[in-house]
Amino acid sequence: MTTETDQFMVRRDGVAIPVSRGGDGRPLIFCPGLSSTQGELGELIELLRRDFDVMTFDLRGHGLSPAVDRPCFEAFLGDFAAVMAEVGHLGLTETPVLAGHSYGADLIVHYAAEHPDAVGELVLIDGANPIPAPFITAADLPELRTMWEHLAAERETACGTSRQVRLTAREILDLNLELDVLRSGIDLDIDVAGPGILDRYRRIDRPIHMIMSTSMAGGSGAGRVPRHNRLWRAGVERLVRERPDISTSWLDATHALVVTHATDIARIIRNTRTQPTG
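The sections below set out a description of the structure shown in this document. Note that the structure is predicted; figures quoted are calculated from it, not measured.

### Some words on the layout of surface pockets
At step 1: Its volume calculated, the largest pocket comes out at about 940 Å³.
At step 2: Mapped by element, the contributors of at least two residues to the lining of the largest pocket are α4 (141–155), α5 (169–184), α7 (225–242) and α8 (257–260).
At step 3: Counting residues per element, the lining of the largest pocket draws most heavily on α4, which supplies eight residues.
At step 4: Partitioning the lining of the largest pocket into residue classes produces 17 nonpolar, 10 polar and seven charged.

### With respect to the packing of helix α2 (residues 73–87) against helix α3 (residues 103–114)
For any two helices packed against each other, the geometry is given by the interaxial angle and the distance between the axes.
At step 1: Following both chains from N to C, one finds α2 and α3 inclined at 65 degrees, their axes separated by 10 Å at the closest point. Between α2 and α3, the angle falls in the class roughly perpendicular. By crossing handedness, the relation of α2 to α3 is classed as right-handed. Contacts between α2 and α3 involve F73, F76, L77, F80, A81 and M84 on the former and, on the latter, Y103, D106, L107, I108, H110 and Y111.

### Examining α5
At step 1: Under the 1.5 Å per step criterion, the end-to-end length of α5 is 23 Å for 16 residues, consistent within 8% with the ideal 22 Å.
At step 2: Looking only at α5, the buried set comprises A169, I172, L173, L175, N176, L179, D180, R183 and S184. Down the axis of α5, the buried set is contained in an arc of 165 degrees. They therefore lie on one face.
At step 3: Those residues of α5 that are buried lie in contact with α2, α3, α4, β7 (186–187) and α7.

### Focus on the side chain of R243
At step 1: Here R243 shows up in the loop between α7 and β10 (247–251).
At step 2: Separated by 2.8 Å, the side chain of R243 and the backbone oxygen of Y201 make a polar contact.
At step 3: A distance of 3.0 Å separates a polar atom in the side chain of R243 from the backbone oxygen of I204.
At step 4: For R243, the contacting residues outside a window of four places in its chain are Y201, I204, R206 and I208.

### Here we look at the state of the cysteines
Working definition of a disulfide: a covalent bond connecting the sulfur atoms of two cysteines.
At step 1: What the rule picks out here adds up to zero disulfides.
At step 2: As a non-bridged cysteine, C31 has C72 as the owner of its nearest cysteine sulfur, 14 Å distant.
At step 3: We classify C72 as partly exposed; its relative accessible area is 27%.

### Description of helix α9 (residues 262–271)
At step 1: Regarding α9, the residues found buried are A262, I265, A266, I268 and I269. One face of α9 carries all of its buried residues, which in axial projection span an arc of 160 degrees. Residues of α9 that are exposed and point over 90 degrees away from its buried face: T263 and N271.

### Section: the packing of aromatic side chains
At step 1: For the structure shown, the criterion picks out five aromatic pairs.
At step 2: Aromatic side chains F80 and Y111 sit 5.3 Å apart centroid to centroid with 85 degrees between the ring planes, which places their arrangement in the edge-to-face category. Of this pair, F80 sits in helix α2 while Y111 sits in helix α3, placing them 31 residues apart in sequence.
At step 3: Given a relative accessible area of 0%, F80 falls into the buried group.
At step 4: Overall, Y111 belongs to the buried group, its relative accessible area being 7%.
At step 5: By way of ring pairs, the aromatic residues F57, F80 and Y111 are connected into one cluster.
At step 6: Taking the ring centre of W250 as reference, the NZ or CZ of R233 above it sits at 4.0 Å.

### Topic: the pairing of strand β2 (residues 15–22)
Two faces belong to every sheet, and in a regular strand the side chains alternate between them.
At step 1: For β2, the tally of buried residues reaches six of eight residues, placing the bulk of the element in the interior.
At step 2: Judged from the eight bridges that link them, strand β1 (residues 5–12) and β2 form a sheet pairing that is antiparallel. In the strand pairing of β2, V10 is matched with I17.
At step 3: Counting the residues between successive antiparallel strands, the hairpin from β1 to β2 contains two residues, one of them, D13, with a positive phi of roughly 55 degrees.

Cut-offs applied
- Within every chain, residues take consecutive numbers counted from 1 along the sequence as written.
- Where local features are concerned, this predicted model is filtered to residues with pLDDT of at least 70; where side-chain atom pairs are given and counted, the filter is 80 or more; whole-chain, interface and lining totals use all residues.
- To obtain the side-chain values, all non-hydrogen atoms of the structure were included, while hydrogens and water were left out.
- Throughout, the protein atoms alone are placed on a 1 Å grid, and a set of points is a cavity if a 1.4 Å probe fits but cannot get out or a pocket if it is open with protein on both sides within 12 Å along at least five of seven lines; lining residues have an atom within 4 Å of a point.
- Grid points are joined across faces, edges and corners, and a volume is the space filled by probe spheres set on the points.
- Secondary structure counts use DSSP, requiring at least four H or I residues in a row for a helix and at least two E residues in a row for a strand, with both numbered from the N terminus.
- The residue classification treats Ala, Val, Leu, Ile, Met, Phe, Trp, Tyr, Cys and Pro as nonpolar and Asp, Glu, Lys and Arg as charged. All others, Gly included, are polar.
- What counts as an axis is a line fitted to C-alpha atoms, over the stretch in contact for a helix, and the angles between N-to-C directions run from 0 to 180 degrees.
- In this scheme, roughly parallel covers angles under 35 degrees and roughly antiparallel covers those over 145, while 65 to 115 is roughly perpendicular and the rest are oblique.
- Left-handed describes a crossing in which the near helix is turned anticlockwise from the far one by less than a right angle; the clockwise case is right-handed.
- We call two residues in contact whenever any of their non-hydrogen atoms come within 4.5 Å of each other.
- The span you would expect from a helix comes to 1.5 Å times its residue count less one.
- Each residue's exposure class comes from its accessible area (1.4 Å probe, protein chains only) as a fraction of the maximum for that residue type: buried when under 20%, exposed when over 50%, partly exposed otherwise.
- Within this analysis, the arc is defined by the directions that extend from the helix axis to the C-beta atoms.
- Here a polar contact means two N or O atoms within 3.5 Å. Within protein one must be a hydrogen donor candidate and the other an acceptor candidate, and residues neighboring in sequence count only if both atoms are side-chain atoms.
- Any cysteine sulfur atom paired with another within 2.5 Å is treated as part of a disulfide.
- The pairing test for Phe, Tyr and Trp rings, Trp by its six-membered ring, is centres within 6.5 Å, and the orientation test on the planes gives stacked under 30 degrees, edge-to-face over 60, and tilted for anything in between.
- For a ring to carry a charge above it, either NZ of a lysine or CZ of an arginine must fall within 6 Å of the ring centroid while also lying within 35 degrees of the normal to the ring plane.
- The criterion for strand pairing is that DSSP finds at least two bridges linking the strands in question.

As structure tokens, this is what we get:
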């Protein structure tokens, strides 16, 4: 089944970001992750539109959105805030659910911490994880640089399509290093430690549902993979100790679960709906 969609533009800093809207039910704003686009997430978005009025967009430099100079977390967060400001003018009768995958989950947690009245509940898909130590260390850099160089090269074949990502391998690395500090609160370069994203969770009094992968870094038992998977689970356990009200669903999947397990994710979101607030 294909749902009819509308589109509206959100303008920020002179740039137009297209937002697509389709489906019926409670409003749900979906924020894709880094190096991910609406085009790639088509199956999941279509499934969600069977139960929700879904609005989604591409981060700058992704898909149908324009490129960005010197991308950073604050720039992407500003774009999301602009989308939410426009949504606020649509006359919605219910407070929207915010859902995000990976980097998109971090964006919606940071937004919700600053704008709690604009949020009904949050669905975090394999992101916004308060990991107790940085994910990327010096030992990981060579392998990750190679991986993101291959990813950037693969994305070049999608140039001009809804799946294009106009970020360099260096930009992807820098964004992930920045995210590591935001999540863990630890900056190894300057020996600074803080609460990280845990502090944002402390400001949110809305229902939160996490959908996490059991093998975030893959199923291999070699190299750094086991360490990354253990760290991923430890971050969720750290969060739930502080916020036992947060519900968690684990899927036997990798970080690509939004593509490989779209049906499971849509089912979990449908079954964890709460009564609307506001």
